[in-house]
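Close look at the chain arrangement
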Amino acid sequence: MRKMTRKLGVLAAAVTVGALALSGCGASNSNSDSGSGGTTSATNDLASKYANCSLTQGKAPAGSLGAGNDTNVTIGAFSGWDESTATAYLMKNILQRNGYTADVKTLDAAAAFTAASKGDVDVLTDVWLPSTHKTYIDRYGDQLEPLGCWYDNAKLTIAVNDSSPAQSIGDLKSMASQYNNTLVGIEPGAGETAIVKDKVIPAYGLQDLTFTTSSTAAMLASIRKAEADNTNVAVTLWKPHWAYSAFKIRDLQDPKGALGGKEGLWNFATKGFGEKAPKAAQLFKNLVVPDADLSELENLMTQKYGGNNPDGAVTEWLSTHPQFESQIVAAQLG
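Attention in this report is confined to the structure presented alongside it. If you're wondering where the values come from, they're calculated on a predicted model, not measured in any experiment.

Across its full length, the protein chain holds 13 helices and nine strands. Burial status across the protein chain gives 53% buried among its 334 residues. Expressed as a percentage of contacts within the protein chain between residues at least 6 apart in sequence, the contacts between residues at least 24 apart total 83%. With the model as given, the accessible surface of the protein chain reaches about 13300 Å², and the carbon-plus-sulfur share is 49%.

Below you can see the structure in the form of structure tokens.
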């Protein structure tokens with residue numbers, strides 16, 4: 001089948017194309033054309049169509065639907081985003097129980113959207129709208145099809161250790177030295193990275209801080225080290241995330257709204273996926289994962305299994321939630 005037979009070189013090319021199209025230091029949320037491929041936000045504002053997340057819209061029983069002509073499904077997970085990994089592997093398991101062969105490819109956001117637009121990845125389960133992934137949807141949205149919103153209370157944050165002095169993001173300007181003059185970020189290509197660079201830093205005058213970007217793992221390690229050393233740390237984070245239960249951290253207030261408001265987490269598929277795999281498409285539309293369940297699954301994956309066996313974590317989670325599969329098939333979630 002078309003995805004399963006692709007070589008790794010295709011995905012490597014997607015990384016290159018994504019990096020060039022959306023800038024190697026993270027996607028820009030500006031309205032300028034920064035590269036070729038897809039429609040730009042200069043001519044399209046597709047993301048605004050997804051400003052309202054409904055957990056019931058599009059839900060319908062999937063049991064009587066056929067698997068379709070293509071039973072091989074590749075799900076894209078964003079590197080370092082635990083809710084992305086959790087839902088990607090959860091849906092992989094659900095699809096396998098319903099007649100599909102499924103796998104997960106972990107990619108940086110830029111590469112993942114490029115791959116989905118080209119059909120090298122079938123579905124992305126962690127598209128943050130209307131703000132975080134606006135640039136990607138404005139650029140590639142007409143080459144994708146939405147498969148429903150599964151979480152309606154997501155938000156980007158700047159978090160600090162609970163014992164530290166800053167209360168709002170603006171405090172970091174005058175208190176920079178108490179945070180080692182550093183704001184610790186995540187992957188360069190992440191939507192949050194672009195928002196922090198293009199909106200948060202200018203809005204609060206934080207240009208003198210060093211904004212580091214490498215990986216989510218490095219960001220989490222900085223929280224862990226600060227807690228062990230009893231020092232201060234400021235990081236880019238988001239909700240939902242298991243770190244809020246694992247560490248003594250809190251969010252800084254964002255009075256200027258630079259990080260954006262509440263967002264929805266959406267599934268998007270390569271265009272035509274619903275016709276080729278109708279049951280799979282409906283299963284994605286039926287997905288809803290409440291906070292408590294998502295946190296539990298993320299904790300299993302990252303803490304008990306150390307990020308090394310996401311399939312095992314999903315299997316264990318489903319064993320304690322035996323009705324989940326039947327509920328998603330019957331559209332009883334949400």
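With that out of the way, let us pick up the pattern of salt bridges. Per the stated rule, a full pass over the model turns up eight salt bridges. For Lys 134, the salt bridge identified is with Asp 45, shortest N-O distance 2.7 Å. Here Lys 134 is found in helix α4 (residues 134-140), whereas its partner Asp 45 is found in the loop between α1 (8-22) and β1 (72-78), with 89 residues between them in sequence. Lys 92 serves as the salt-bridge partner of Asp 311, at 3.1 Å between the closest nitrogen and oxygen.

Attention shifts here to unusual backbone geometry. The amide bond that connects Leu 129 to the next residue, Pro 130, takes the cis arrangement and shows omega of 20°. Each neighbour pair has its own omega, and for Lys 239 with Pro 240 the value is 15°, a cis peptide bond. Note that Pro 240 resides in the loop between β7 (234-239) and α8 (243-246). If you check the backbone angles, Asn 230 has positive phi at about 60° while not being a glycine. Topologically, Asn 230 is positioned in the loop between α7 (216-229) and β7. The backbone of Ala 331 sits at a positive phi, close to 60°, despite the residue not being glycine. Along the polypeptide, Ala 331 turns up in the segment after α13 (324-329).

A few words on the state of the cysteines. Covalent bonding between the sulfur atoms of two cysteines is what defines a disulfide. Following the criterion strictly, the structure yields one disulfide and no others. Between the sulfur of Cys 53 and that of Cys 149 lies a disulfide, 1.9 Å long from S to S. Residues Cys 53 and Cys 149 are joined by a disulfide whose S-S torsion is about -95°; by sign, that bridge is left-handed. Highlighted residues: Cys 53 in the loop between α1 and β1 and Cys 149 in strand β4 (residues 144-161), separated in sequence by 96 residues. Given a relative accessible area of 22%, Cys 53 falls into the partly exposed group.

What follows deals with the packing of aromatic side chains. One pair of aromatic rings is described through two measures. These are the centre distance and the angle between the planes. One pass over the full model with this rule turns up 10 aromatic pairs. Ring geometry for Trp 150 versus Tyr 151: centroids 6.0 Å apart, planes at 55°, classification tilted. The class of Tyr 151 is buried, set by a relative accessible area of 5%. Joined through ring pairs, the aromatic side chains of Tyr 50, Trp 266 and Phe 268 make up one cluster. Sitting above the plane of the Tyr 244 ring, Lys 239 keeps its charged end 4.6 Å from the centroid.

Tracing the backbone shows Asp 103 in strand β2 (residues 101-107). Residue classification places Asp 103 among the buried positions, given a relative accessible area of 16%. Only 2.9 Å separates the side chain of Asp 103 from the side chain of Thr 74, close enough to count as a polar contact.

Two elements in contact, helix α2 (residues 82-96) and helix α12 (residues 310-319), have axes separated by 9 Å at closest approach and are oriented at 70°. Considering their axes alone, α2 and α12 lie roughly perpendicular with respect to each other. Crossing handedness for the pair α2 and α12: right-handed. Across from Tyr 89, Leu 90, Lys 92, Asn 93 and Ile 94 in α2, the residues of α12 making contact are Pro 310, Asp 311, Val 314, Thr 315, Trp 317 and Leu 318. Of the residues assigned to the contact of α2 with α12, the class counts are seven nonpolar, two polar and two charged.

Moving on to the packing of α2 against helix α11 (residues 291-304). Between α2 and α11, whose axes approach to 9 Å, the crossing angle comes to 95°. Our classification of the angle between α2 and α11 gives roughly perpendicular. Facing Asp 82, Glu 83, Thr 85, Ala 86, Tyr 89 and Leu 90 of α2, the residues of α11 in contact are Leu 294, Leu 297, Glu 298, Met 301 and Thr 302. Among the residues forming the contact of α2 with α11, the class breakdown is six nonpolar, two polar and three charged.

Conventions used here
One numbering rule holds for all chains: residues counted from 1, following each sequence as written. Owing to the predicted nature of the model, reporting of local features is limited to residues with pLDDT of at least 70; listing and counting of side-chain atom pairs is limited to 80 or more, with chain, interface and lining totals taken over all residues. With hydrogens and water set aside, each side-chain value is computed from the structure's full complement of heavy atoms. Numbering of helices and strands runs from the N terminus; a helix is a DSSP stretch of H or I covering at least four residues, while a strand is a stretch of E covering at least two. Only protein chains enter the calculation, and the probe is 1.4 Å; a residue is then buried if its accessible area is under 20% of its type maximum, exposed if over 50%, and partly exposed in between. In what follows, a contact means two residues having at least one pair of non-hydrogen atoms within 4.5 Å. Residue exposure ignores everything except the shown protein chains as possible cover, and the areas themselves are Shrake-Rupley values with a 1.4 Å probe. We count a salt bridge whenever a side-chain nitrogen from Lys or Arg sits within 4 Å of a carboxyl oxygen from Asp or Glu. By definition, disulfides here are pairs of cysteine sulfur atoms that lie within 2.5 Å. The pairing test for Phe, Tyr and Trp rings, Trp by its six-membered ring, is centres within 6.5 Å, and the orientation test on the planes gives stacked under 30 degrees, edge-to-face over 60, and tilted for anything in between. Whether a charge lies above a ring is judged from NZ of Lys or CZ of Arg, which has to be within 6 Å of the ring centre and within 35 degrees of the ring normal. Any N or O atom pair separated by 3.5 Å or less is treated as a polar contact, with the protein-specific requirement of one donor-capable and one acceptor-capable atom, and with residues adjacent in sequence counted only for side-chain atom pairs. For every element, the axis is a line fit to its C-alpha atoms; helices are fit only across the contacting stretch, and the angle between N-to-C directions ranges from 0 to 180 degrees. With respect to orientation, any angle under 35 degrees is reported as roughly parallel, any angle over 145 as roughly antiparallel, any angle of 65 to 115 as roughly perpendicular, and every other angle as oblique. Here a crossing is taken to be left-handed if its near helix is turned anticlockwise relative to the far helix by less than a right angle, and right-handed if that turn runs clockwise. Classification convention: Asp, Glu, Lys, Arg as charged; Ala, Val, Leu, Ile, Met, Phe, Trp, Tyr, Cys, Pro as nonpolar; all other residues, Gly among them, as polar.

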